[in-house]
Amino acid sequence: MSSQARLPKLTEVALFFVIFLAIIFSFIMFFELPIQLALFISWFIIIGFGLKLGHKYDDLQGAITNGIYNGLEAVLILISVGALIGSWIAGGVVPSLIYYGLEVIHPSIFLLATLIICAITSLATGTSWGTAGTAGIAMMGIGNALGIPLPMVAGAVLSGSYFGDKLSPLSDSTVLAASMAKVNVISHIRSMMYVSVPTFIITAVLFTFAGFIYVDGNADLSQTENVMNALKANFNIAWYILVPAVVVIGLLVMKKPSIPTISLGALFGIIWAIIFQGMSPVTAINTAYAGFSVDSGVDFIDNLLNRGGITSMLDIVLLIVLGLGFGGMLNHIGALQVIVNRFEKFMTNAGRLTASTVFVGFLGNLIGCAMYVSLILTPKVVENRYDDLDIDRTVLSRNTESGSTLTSGMVPWSDNGIYMSAVLGVSTLSYLPFMWLSFISIIITVVYGYTGKFIWYNSEKGEAK
């Protein structure tokens, strides 16, 4: 902060966030303009705010570049992930995962199967949006034929999608949460598993019971068979096609660097496309950049698999860059410090700190209207309190995901709320009661905080995290 600058007053911070919220809300809901543009315009507002507080242009520009620099690793990983997804689809890796996932469907366990299929798809692709917009759409159609309430089917889709998104090393939100908390991606995922595994089991039990209540055991699943036949018609489906996925996940679990590991996975996908899918070398290589394209004649297959490539990540990369710059300026002018000061007296132990982190994450979605904004701002707001209480930062990254990623689809005007509602054809407030995985995960997260269960401290030597 500049020596002549002052900290903003809480009323000034509140006014700024009201203006910011109004810009985001109007761009998305009324003008149908991209959220990236709203964030870019918000840069100028916060620059004006910073100048009013006594900051210099050069310092504010430095805050932008510093904020972006802090999240640059996430941007590079996203580029690698885009290449991987395109080549994995071309190589048959993703189609094989979806095919084997569809095999588990049976009418009486349809909701459970929906949860599992969406979880597998999200884990494989690293995107909750892509999962909801592909496998999720198919599950909504099947669920409608089975007579299951569509908000409940949407709840199963979202539960599976967010579960996989949180635990996939290919997920941009997972990478961003780890990066902003300054922890290793795999360490973050291991920490998340202490919450996600019991949460998934409880959610699976609930959807299993719901399936027995709502599903006719003799229902027709011909739509699923058509999808599986289309996958086999367009790809060589076999167990050995999944080798690249096993290799990449294995290397990441072994704590190998993310960028070269994911890039290696993309190379495997290209090789698999040439050897097992009969694609020409030039076309196979191009899938890493431009993504995969197929005209199968089956809308589901085309919607599901015409994606990936480095170019598919450019909008998200821009969103993250703008969000990082925005967060850097917020931090520089002291707006975050003012918020922290209001929470500081309350955040005196692990339980209150955990609850505050979840609340700040939800507030980030509510005010920032985007999961990425929440994932960027939340660690900045509370990270010093974790350090003051000597709590390991993997707990910070885990709590940030619970508060930011899992609440993003709950806000009707957030990017996730708008997207999920449009894709699944169910309003946000209709599917909200069935986002069981999100609610259970938040509850378990807060319970861990207050009981001290799986809350690690830096002073504890040799304890697995």
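Residues numbered from 1 in each chain as written. Predicted model: local features only at pLDDT ≥ 70, side-chain atom pairs only at ≥ 80, totals over all residues. Heavy atoms only, no water.

## Remarks on the overall build of the protein chain
The following threshold applies: Put simply, DSSP H or I for four residues or longer makes a helix, DSSP E for two residues or longer makes a strand, and each gets a number counted from the N terminus. Both definitions apply: the radius of gyration is a C-alpha atom measure, and the globule rule equals 2.2 Å times residues to the power 0.38. Here's how the labels work: a residue is buried when its accessible area is under 20% of the maximum for its type, exposed when over 50%, partly exposed in between, all with a 1.4 Å probe on protein chains only. All accessibility values rest on the Shrake-Rupley procedure with a 1.4 Å probe; residue burial counts only the protein chains present in the view. Counting rule for charge: Lys and Arg are taken as positive, Asp and Glu as negative, and neither His nor the chain ends is counted. Note on charges: their place is set at NZ of Lys, CZ of Arg, CG of Asp or CD of Glu.
The secondary structure content of the protein chain amounts to 24 helices and zero strands. Taking 2.2 N^0.38 as the reference for a compact globule, 465 residues should give roughly 23 Å; the C-alpha atoms of the protein chain span a radius of gyration of 22 Å, in line with that estimate. Referenced to the eigenvectors of the C-alpha coordinate spread, the extents of the protein chain come out at roughly 70 × 55 × 50 Å. For the protein chain, with 465 residues in total, the buried portion stands at 59%. Of the roughly 18100 Å² of accessible surface on the protein chain, 65% is carried by carbon and sulfur atoms. Where the 21 positive side-chain charges of the protein chain centre and where its 25 negative ones centre are 14 Å apart.

## Observations regarding helix α10 (residues 172-180)
Of all nine residues that make up α10, nine are buried, and the element is covered over most of its length. All of the buried residues along α10 are D172, S173, T174, V175, L176, A177, A178, S179 and M180. K182, located one to two residues past α10, shows a positive phi value of around 60 degrees.

## Some details on a nonpolar patch on the surface
Counted only if it meets this: Patch definition: residues above 30% relative accessible area lacking any salt bridge, with like charges linked at up to 9 Å and the nonpolar side chains Val, Leu, Ile, Met, Phe, Trp and Tyr linked at up to 5 Å. Whenever Lys or Arg places a side-chain nitrogen within 4 Å of a carboxyl oxygen from Asp or Glu, that contact is recorded as a salt bridge.
Nonpolar side chains collect at one region of the surface, where M29, F30, F31, L33, L37, F40, I41 and F44 lie side by side and expose about 770 Å² of accessible area between them. Sorting elements by how many residues they give to the nonpolar patch places helix α2 (residues 35-52) first, with four residues. When you line up the elements, F44 lands in helix α2. The exposure class of F44 is exposed, given its relative accessible area of 53%.

## Describing helix α1 (residues 10-29)
Each full turn of the α-helix corresponds to 3.6 residues, which orients residues three or four apart in the same direction. As a reminder of what qualifies: The span one expects for a helix is its residue count, reduced by one, times 1.5 Å.
The end-to-end C-alpha distance of α1 is 28 Å, a good match for the 28 Å that 20 residues give at a rise of 1.5 Å each. Inspection of α1 places E12, V13, F16, F17, F20, I23, I24, S26, F27 and I28 among the buried residues, and these make up the whole buried set.

## Observations regarding the nonpolar core
Put simply, the test is: We define a nonpolar core as any set of buried Ala, Val, Leu, Ile, Met, Phe, Trp, Tyr and Cys residues linked to one another through side-chain atoms lying within 4.5 Å. Note on contacts: a residue pair is in contact if any heavy atoms of the two residues lie within 4.5 Å.
Ranked by internal contacts, the top residues of the largest apolar core, which has 156 residues, are L102, L111, M139, L305 and L330. The greatest single-element share of this core, amounting to 11 residues, is contributed by helix α4 (residues 72-90). Setting aside chain neighbours within four positions, we find L330 in contact with F16, F17, I46, A335, L336 and L377.

## Thoughts on the pattern of salt bridges
Pairing between side chains becomes possible if they bear opposite charge and their charged atoms approach one another. For the structure shown, the criterion picks out six salt bridges. Between R385 and D388 there is a salt bridge, with the nearest N and O atoms lying 3.3 Å from each other. Of this pair, R385 and D388 both sit in helix α20 (residues 371-388), separated by three residues, roughly a single helical turn. By relative accessible area, R385 is classed as buried at 12%. Judged by its relative accessible area of 52%, D388 is exposed. Within the structure, one salt-bridge network assembled from shared partners comprises K182, E383, D387 and R393.

## A short note on the packing of aromatic side chains
Put simply, the rule is: Centre distance within 6.5 Å is the pairing criterion for rings of Phe, Tyr and Trp, where only the six-membered ring of Trp is used; planes under 30 degrees apart are then read as stacked, over 60 as edge-to-face, and the remainder as tilted. As a reminder, the over-ring test applies to NZ of lysine and CZ of arginine, requiring each to be within 6 Å of the ring centre and within 35 degrees of the ring normal.
What the rule picks out here adds up to 21 aromatic pairs. The ring of F454 carries the charged tip of K453 above its face, separated from the ring centre by 5.3 Å.

## A closer look at the packing of helix α18 (residues 335-344) against α20
Worth spelling out the cut-off: A fitted line through C-alpha atoms represents every axis, and for helices the fit uses only the stretch in contact; the resulting angles, taken between N-to-C directions, go from 0 to 180 degrees. Each angle is binned into one of four classes, with values under 35 degrees roughly parallel, values over 145 roughly antiparallel, values of 65 to 115 roughly perpendicular, and all other values oblique. We call a crossing left-handed when the near helix sits turned anticlockwise from the far one by less than a right angle, and right-handed when that turn is clockwise. Polarity classes work like this: nonpolar for Ala, Val, Leu, Ile, Met, Phe, Trp, Tyr, Cys and Pro, charged for Asp, Glu, Lys and Arg, and polar for all others, with Gly in that last group.
Where α18 meets α20, the axes come as close as 10 Å, and the angle between the chain directions of the two elements is 50 degrees. In terms of their interaxial angle, α18 and α20 are classed as oblique. Our pair here, α18 against α20, has a crossing hand that is right-handed. Contacts between α18 and α20 pair L336, I339, V340 and E344 from the former with L377, K380, V381 and R385 from the latter. Residue composition of the contact of α18 with α20, grouped by class: five nonpolar, no polar and three charged.

## Structural notes on the confidence of the model for the protein chain
For clarity, the threshold we go by: A residue's pLDDT is the confidence the predictor assigns to it, expressed on a 0 to 100 scale.
The pLDDT averaged across the protein chain works out to 85; a share of 94% of its residues lies at or above 70. The secondary-structure element of the protein chain with the lowest mean pLDDT is helix α16 (residues 299-305), recorded at 74, while helix α24 (residues 436-451) shows the highest, at 97. Under a pLDDT of 50 for its full length, residues 461-465 has, in the predicted model, eight contacts with residues more than four places off or in other chains.

## Some points on the packing of α1 against α18
The axes of two packed helices give the description: the angle between them and the distance between them. One can describe the packing of α1 onto α18 by two numbers: an axis separation of 10 Å at closest approach and a directional angle of 115 degrees. The handedness of the crossing between α1 and α18 comes out as left-handed. Facing L10, V13 and F17 of α1, the residues of α18 in contact are A335, V338, I339 and R342. Of the residues that constitute the contact of α1 with α18, the class distribution is six nonpolar, no polar and one charged.

## Topic: the environment of I47
Along the chain, I47 falls in helix α2. Under the relative-accessibility criterion, I47 is labelled buried at 19%. With 188 residues separating them along the chain, I47 and F235 place their C-alpha atoms 52 Å apart. I47 has contacts with Y57, L60 and M329, leaving out every residue within four places of it along the chain.

## Looking at unusual backbone geometry
Although it is not a glycine, K182 adopts a positive phi angle of roughly 60 degrees. Secondary-structure assignment places K182 in the loop between α10 and α11 (185-214). Take K182: its relative accessible area is 59%, and that puts it in the exposed class. Although it is not a glycine, D390 adopts a positive phi angle of roughly 65 degrees. Mapped onto the fold, D390 is located in the loop between α20 and α21 (393-404). Take D390: its relative accessible area is 25%, and that puts it in the partly exposed class.

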